[in-house]
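Residue-level structural notes
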Amino acid sequence: MNLADSIRAIPDYPRPGIVFRDITTLLGDARAFRRAVDELVQPFAGLKIAKIAGIEARGFILGGAVAHQLSAGFIPVRKKGKLPLETLRATFALEYGTDEIEIHRDAVLPGERVLLVDDLIATGGTAEAAVNLLSGLGAEVVAACFIVDLPDLGGADKIRRLGVPVRTLVSFRDA
């Protein structure tokens, strides 16, 4: 099974010239979803990962499945204002402006081994902000995992420059 075949390409979304990589078709295919989760988990089995940090929203779906498979806890990385208790916030650049993500201040203990999970890495701004939040709380970010990489946009390299290994399952160069 080629996972790329289970990911739908939507041209000119969200604006002309962009090819949106929609993983909802992968999630809806039981075999593809299982294989993607298994491939994300495999390199980390037995490495005593304490927590999985999933980036809103598709990272929640994938991160929950990965956490279950690794017998790890789950940390939601949310958009600003969505978490009910004291949070730590990071701002990151978008193509037009900025955005913010948050985690609870008590989400991770110093020294805990954390795996970051999301569906796709493009420019890497959100993932970089998540790594910085987790590291700022003392976590050891073991790796960042994504189903899709858009390598022409440089996000995976940005995360590697932070000293965090990156695992991706599928690459598309026509971003």
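These numbers come from a predicted model, not from an experiment. (Residues numbered from 1 in each chain as written. Predicted model: local features only at pLDDT ≥ 70, side-chain atom pairs only at ≥ 80, totals over all residues. Heavy atoms only, no water.)

Concerning the side chain of Glu112
Relative to the elements of secondary structure, Glu112 occurs in the loop between strand E6 (97–104) and strand E7 (113–121). Its relative accessible area of 17% is what places Glu112 among the buried residues. Polar contacts involving the side chain of Glu112 include one to the side chain of Lys51, which spans 3.0 Å. There is a polar contact of 2.7 Å between the side chain of Glu112 and the backbone nitrogen of Leu109. Those residues within four positions of Glu112 in sequence are excluded, and the remaining contacts are Ala50, Lys51, Ala107, Gly138, Ala139 and Glu140. (Helix = DSSP H or I, 4+ residues; strand = E, 2+ residues; numbered from the N terminus. Buried < 20%, exposed > 50% of the residue type's maximum accessible area, 1.4 Å probe, protein only. Polar contact = N/O pair within 3.5 Å; in protein donor to acceptor, adjacent residues only side chain to side chain. Contact = heavy atoms within 4.5 Å.)

Things to note about the packing of helix H2 (residues 30–41) against helix H3 (residues 58–70)
Look at H2 against H3: their axes get within 10 Å of each other, and the N-to-C directions meet at 60°. Viewed along their axes, H2 and H3 adopt a mutual orientation that is oblique. When you trace H2 past H3, the crossing you get is right-handed. Of the residues in H3, those in contact with Phe33, Arg34, Val37, Asp38, Leu40 and Val41 of H2 are Ile61, Leu62, Ala65, Val66, Gln69 and Leu70. Per-class residue counts for the contact of H2 with H3 are nine nonpolar, one polar and two charged. (Axes fitted to C-alpha atoms, helices over the stretch in contact; angles between N-to-C directions. Parallel < 35°, antiparallel > 145°, perpendicular 65-115°, else oblique. Left-handed = near helix turned anticlockwise from the far one by under 90°. Nonpolar A, V, L, I, M, F, W, Y, C, P; charged D, E, K, R; others polar.)

Quick notes on the pairing of strand E4 (residues 73–79)
Here strand E3 (residues 51–55) runs beside E4; their pairing, made up of five bridges, is parallel. The partner of Ala53 across the bridge, within E4, is Ile75. Here E4 pairs with E6 via two bridges, running antiparallel. Looking across to E6, one finds that Lys79 is bridged to Ile101. (Pairing = 2+ DSSP bridges.)

It is worth stressing that arrangement in space is one thing and function is another; only the former is reported here.
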